[in-house]
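# Summary of structural features
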Amino acid sequence: MRHLRSIYELCGIVMSVHVWASELLEERELTTNYSNLFLTKVPADLTPTTTTLDLSYNLLFGLQSSDFRSVSKLKVLILCHNQIRELDIKTFEFNKDLKYLDLSHNILKTVTWYSLAGLRHLDLSFNNFDTMPISEEISSMSHLEVLGLSGAKIQKSDFQKIASLHLNTVFLGLRTLSHYEEGSLPILNTTKLHIVLPVNANFWVLLRDGIKTSKILEMTNIDGKSQFPSYETQNNLPLENSKTSTLLLSNIDLLWDDLLFIFQFVWHTSVEYFQIEHVTCGGMVYLDRNSFDYSNTVMRTIKLEHIHFRFFHIPQDSVYLLFTKMDIENLTISDAQMPHMLFPTYPTRFQYLNFADNILTDELFKSPIQLPHLKTLILKGNKLETLSLVSCFAKNTSLQILDLSQNLLQHENNENCFWPETLITMNLSSNKFVDSVFRCLPTSVQILDLNNNQIQTVPKEIIHLQSLQELNLAFNVLTDLPGCSHFKRLSVLNIEMNLILSPSPDFLQSCQGVKTLNAGGNPFRCTCELRNFIQLEKYSKGMMVGWSDSYICEYPLNLKGTRLKDVYLPELSCNTALLIVTIVAVMLVLGTAVVFCCRYFDLLCEHDSAWVKHELIPTLEKEDGSVLICLPEGNFDPGKTVMENILNCIEKSCKSILVLSPNFVQSEWCHYELYFAHYPLLDEISHHIILILLEPIPLYCIPTRYPKLKALMEKKAYLEWPKDRRKCGLFWANLRANINVNLLETRDTCELQTFTELDEES
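Here the residue numbering is sequential within each chain, running from 1 through the sequence in written order. The model is predicted, so local features are restricted to residues of pLDDT at least 70 and side-chain atom pairs to those at 80 or more, both for listing and for counting; the totals for chains, interfaces and linings are taken over all residues. Side-chain numbers come from the whole structure's heavy atoms, not from hydrogens or water.

## As for the environment of Ile-552
Going by this rule: A helix here means a DSSP run of H or I that spans at least four residues, while a strand means a run of E at least two residues long, and both kinds are numbered starting from the N terminus. For every residue, the accessible area (1.4 Å probe, protein chains only) is compared with the maximum for its type, and the residue is labelled buried under 20%, exposed over 50%, or partly exposed between those bounds. Whether two residues touch is decided by their heavy atoms; if any such pair falls within 4.5 Å, the residues are in contact.
Relative to the helices and strands, Ile-552 is located in the loop between helix H11 (531-539) and strand S27 (553-555). On the basis of relative accessible area, Ile-552 is assigned to the partly exposed category, the value being 26%. The spatial distance from the C-alpha of Ile-552 to the C-alpha of Gly-520 is 7.8 Å, given a sequence separation of 32 residues. When residues no more than four places from it in sequence are discounted, the contact partners of Ile-552 are Asn-522, Phe-524, Gly-561, Thr-562, Arg-563 and Leu-564.

Here's what the structure looks like:
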């Protein structure tokens, strides 16, 4: 209990403070943080434009009048958790814009007051004041909304000084309380009163006065050392002028009977909403549940959370029926280690029941329960196993919302399910459901959560879920996106983190009404099957939740880790029909374009083939496809002689290119000289020959046994490959000009064929 108190004191009044402070910081202002630096004095070099200054958790012992003079624009000042002993509010007289001042958790004993007219939040809680540090100056702070106080003694005269202030929150963070004058708290004019009790506080007196003080009352740290009256005395305590409609009690360590006293007392007050959390209780039970007086109450909601029972002997029905016999609308008992729950045999008017995070089993539904007005039932985090049992219970209710998540639920095909027609929201996540669960769902369901189960497919024969609008199937083992043929109203679908490689065409065709789709985290196979799915985001921007970082290729391996949006799947390669049409169309176009295309036959030495492959072919063939070069290696017919192949290529080519070098003349020309001698046709087409000299060849260097070559070089102009690379552009321009002239002259005789590279010797 002391540990809980210390934790709470570290937080102080932070709850409403930081909400308000964050609103201030929405503006573009300068925040300076000097917290946790073991400072013993305020730094002298504060930035003048600072609007928020945090000096918390240091070792400041005092404040000087000049400490904050340089930061005239200061709005928020946090000085909590230091060692400040004395305070003169006039220290902040130059900070006219100051709205938030936190001096909690110091060792203050005295305060010299000065009116800070603009202050909205002032916290002096958890200090060492003997009496409440209140003076007339506070009453002039008309903008004050939150006031935190502390003191060992609480007297009416102190609170009367601020009775005229209309406060939003008064926070009493008390380290000790040696004296409380009864009737002091109701003098305060505040919407919310929050009291953190010290040890040995007179809890009952403070509770009674607190309920008379504010609309919202919160009390923290109630333990067995608090002063409780006897049951008889408590029953006779009159309560008039009750104001509280919302009562919050937290950090409680009491005997069961004392806790029951609190319920009985509050039951007859103005409290409509009663919340108790972080409770430890135990001990012997002396009171009978039948002694609880259920009459004369305005209570509507009771909420018990985080309940720990120490070992004690108590009949179950003494606890369960105590609460279920309460004539209220809303009951929560969560995280209470509760193994069972009993209900009275007569109908009750519960509309909301929350028994989350207990250890309830199917036994809960094996006895008749009459809850005709029940609209919301939350049973998440229990040990339920049979869905059909829950349905049989639910059919006699008016359920609209049902949460059965985080149980052990399953459904067998041979079990019948009966649901009320009013049920529209179901959470069945984190159970053991497989595909058969779809046969045990209400026809009226609109929002269905089945995430984190073992569902492989959505059965196609499921046709009764016509009202379904939102479906969550994340974290299952689906291998395909479910179609929407039977879910005509589906607009939100979540199938992230499944085993979907690519969605079926049925999904893309039948789920056009889906407006929001979360399919991230699946192992997508980025092939043509996925192309239409990728297009979804392109044509309906914002539809895909998590796009594009959550949509990653898993297959094929060369695309693993690539985002779907970066995958290029062209229509031509993915559409078979379109591909066939395109091929036919291209063939027709090429067939009609024969006259525009010409090929060239290249005679060269194998030694010079590198120049042809790396210079000639890339330069000529890359332009527009109208120039094709035929070389022996790839285009000679193996069934013909070399001579026949050469003649065939020359006859079908618009021009023949001779690439000459000294090496070619010495080693290769002998073959072609022989061909020229035997075939006079070559003399007739010699005007179609283009000579290229890779290196200069003087005529006197040509052997006399090669008269045809010498005659060609004497008669034909030739192009020389420049040694200076900067002149290559002129070389290619001249070659292209020669080729273009030839194209115009020979269009009627050229034939379209494709050839590639290289010469072989015969």
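So that's the structure; there's more coming.
## Overview of the nonpolar core
What counts, and what does not: In these notes, a set of buried Ala, Val, Leu, Ile, Met, Phe, Trp, Tyr and Cys residues joined through side-chain atoms within 4.5 Å is what counts as a nonpolar core.
Counting residues in hydrophobic clusters, the biggest one holds 158 residues, and the most contacted among them are Leu-79, Phe-92 and Phe-274. The biggest single contributor to this core is helix H7 (residues 256-267), with nine residues. Ignoring any residue separated from it by four or fewer positions in sequence, one finds Phe-92 in contact with Leu-63, Phe-68, Leu-77, Leu-79, Leu-87, Leu-98, Leu-101 and Leu-116. Grouped together as the second largest cluster of nonpolar side chains are 18 residues, Ile-617, Leu-719, Trp-721 and Cys-728 included.

## A look at the side chain of Asn-498
Stated formally: Distance and chemistry together define a polar contact, namely a pair of N or O atoms within 3.5 Å, with one atom able to donate a hydrogen and the other to accept it when in protein, and with adjacent residues in sequence counting only for side-chain atoms on both sides.
With respect to the helices and strands, Asn-498 occurs in the loop between strand S24 (492-494) and helix H10 (505-510). Judged by its relative accessible area of 4%, Asn-498 is buried. A distance of 3.0 Å separates a polar side-chain atom of Asn-498 from the backbone oxygen of Leu-473. From its side chain, Asn-498 meets the backbone oxygen of Ile-495 in a polar contact 3.0 Å long. Beyond its immediate sequence surroundings of up to four residues, Asn-498 is in contact with Leu-473, Ala-474, Phe-475, Asn-476, Val-477, Leu-478, Gly-521, Asn-522 and Pro-523.

## Concerning helix H9 (residues 387-394)
With six of eight residues buried, H9 lies mostly within the body of the structure. For H9, the full list of buried residues reads Leu-387, Ser-388, Val-390, Ser-391, Phe-393 and Ala-394. For H9, the secondary structure elements touched by its buried residues are strand S19 (376-378) and strand S20 (401-403).

## Some words on the packing of aromatic side chains
Put simply, the rule reads: Only centres within 6.5 Å qualify two rings of Phe, Tyr or Trp (six-membered ring in Trp) as a pair; their planes then separate them into stacked at under 30 degrees, edge-to-face at over 60, and tilted for everything else.
Counted by the stated rule, this structure contains 15 aromatic pairs. A ring pair is formed by Phe-263 and Phe-323, whose centres lie 5.4 Å apart and whose planes are at 75 degrees; its orientation type is edge-to-face. Of the two residues, Phe-263 sits in helix H7 while Phe-323 sits in helix H8 (residues 316-324), which places them 60 residues apart along the sequence. When its relative accessible area of 2% is taken as the criterion, Phe-263 is described as buried. Ring centres of Trp-721 and Phe-731 lie 5.1 Å apart, and the angle between their planes is 90 degrees; on these two criteria the pair is classed as edge-to-face. Note that Trp-721 is positioned in the loop between strand S32 (718-720) and helix H21 (728-746) and Phe-731 in helix H21, a separation of 10 residues in sequence.

## Re the pattern of salt bridges
A pair can form between side chains of opposite charge whenever their charged atoms are brought close. Applied cut-off: Each reported salt bridge corresponds to a side-chain nitrogen of Lys or Arg within 4 Å of a carboxyl oxygen of Asp or Glu.
Enumeration according to the criterion identifies 14 salt bridges in this entry. The partner of Arg-563 in a salt bridge is Asp-549, and the shortest N-O contact between them spans 3.2 Å. Residue Arg-563 is located in the loop between S27 and helix H12 (571-574), and its partner Asp-549 is located in the loop between H11 and S27; the two are separated by 14 residues in the primary sequence. The partner of Lys-560 in a salt bridge is Glu-554, with the nearest N and O atoms 3.5 Å apart. The structure contains a network of salt bridges with shared partners spanning Arg-300, Asp-327, Glu-329 and Arg-349.

## Some remarks on the packing of helix H5 (residues 203-211) against H7
Our working rule: Every axis corresponds to a line fitted to the C-alpha atoms, with the helix fit spanning only the stretch in contact, and the corresponding angles, defined between N-to-C directions, vary from 0 to 180 degrees. Our angle categories are set so that under 35 degrees counts as roughly parallel, over 145 as roughly antiparallel, 65 to 115 as roughly perpendicular, and the remainder as oblique. Here is the rule for handedness: rotate from the far helix to the near one, and if that takes an anticlockwise turn smaller than a right angle the crossing is left-handed, while a clockwise turn gives right-handed. The nonpolar class holds Ala, Val, Leu, Ile, Met, Phe, Trp, Tyr, Cys and Pro. Asp, Glu, Lys and Arg form the charged class, and all remaining residues, Gly among them, are polar.
In the contact formed by H5 and H7, the axes pass within 12 Å of each other and the chain directions differ by 25 degrees. The orientation of H5 relative to H7 falls into the category roughly parallel. Once H5 is placed against H7, the crossing between them reads as right-handed. Contact with H5, carried on its side by Phe-203, Trp-204, Leu-207, Arg-208 and Ile-211, involves Phe-261, Ile-262 and Phe-265 of H7 and no other residues of that element. Along the lines of polarity and charge, the residues of the contact of H5 with H7 split into seven nonpolar, no polar and one charged.

## What to know about the confidence of the model for the protein
Heads up, the condition is: Residue-level confidence of the predictor, termed pLDDT, takes values from 0 up to 100.
For the protein, the average pLDDT comes to 81, and 77% of its residues sit at 70 or higher. The low-confidence segment residues 589-598, where pLDDT is below 50, has 19 contacts with residues more than four positions distant or belonging to other chains. When the criterion is pLDDT under 50, residues 741-762 qualifies, and its contacts beyond four places in sequence or with other chains add up to 62 contacts.

## A short note on unusual backbone geometry
The omega torsion of the bond from Trp-547 to Ser-548 falls at 10 degrees, within 30 degrees of zero and hence cis. By the element assignment, Ser-548 lies in the loop between H11 and S27. Across the junction of Tyr-555 and Pro-556, the peptide omega takes the value -10 degrees, indicating a cis bond. Along the polypeptide, Pro-556 turns up in the loop between S27 and H12. The residue Tyr-57 is not glycine, and still its phi comes out positive at about 55 degrees. For Tyr-57, the position within the fold is in the loop between strand S2 (50-54) and strand S3 (76-78). Of the residues examined, Tyr-57 reaches a relative accessible area of 33% and is grouped as partly exposed. Its identity is not glycine, yet Gln-406 carries a phi of approximately 60 degrees, on the positive side. Summarising the element assignment, Gln-406 is placed in the loop between S20 and strand S21 (425-427).

## Observations regarding the pairing of strand S31 (residues 689-693)
Short version of the rule: Criterion used throughout: strands pair if DSSP finds at least two bridges between them.
For S31, the tally of buried residues reaches five of five residues, placing the bulk of the element in the interior. Going residue by residue along S31, you find Ile-689, Leu-691 and Leu-693 tucked away on one face and Ile-690 and Ile-692 tucked away on the opposite face as well. With five bridges connecting them, strand S30 (residues 655-660) and S31 associate as parallel partners. In the strand pairing of S31, Leu-658 is matched with Leu-691. Taken together, the three bridges between S31 and S32 define a ladder with parallel strand orientation.

## What about the side chain of Asn-106?
Within the element layout of this structure, Asn-106 appears in the loop between strand S5 (100-102) and strand S6 (110-112). Among the polar contacts made by the side chain of Asn-106, one reaches the main-chain amide nitrogen of Asn-82 at a distance of 3.2 Å. Here Asn-106 is in contact with Leu-79, Cys-80, His-81, Asn-82, Gln-83, Ile-84, Phe-126, Asn-127 and Arg-175, once residues within four sequence places are set aside.

## Some points on the state of the cysteines
Rules: Whenever a pair of cysteine sulfur atoms sits within 2.5 Å, that pair is classed as a disulfide.
A complete count under the given rule lists three disulfides for this structure. Between Cys-484 and Cys-511 runs a disulfide, and the two sulfur atoms are separated by 1.9 Å. Measuring handedness by torsion sign, the sulfur bridge of Cys-484 and Cys-511 sits at about 100 degrees and is right-handed. Linking Cys-484 in the loop between strand S23 (470-472) and S24 with Cys-511 in the loop between H10 and strand S25 (516-518), this pair joins segments that are 27 residues apart in sequence. In this pair, the class of Cys-484 matches that of Cys-511, namely buried. A sulfur-sulfur distance of 1.8 Å marks the disulfide that ties Cys-526 to Cys-553. The chirality of the disulfide connecting Cys-526 with Cys-553 is left-handed, given an S-S dihedral of about -100 degrees.

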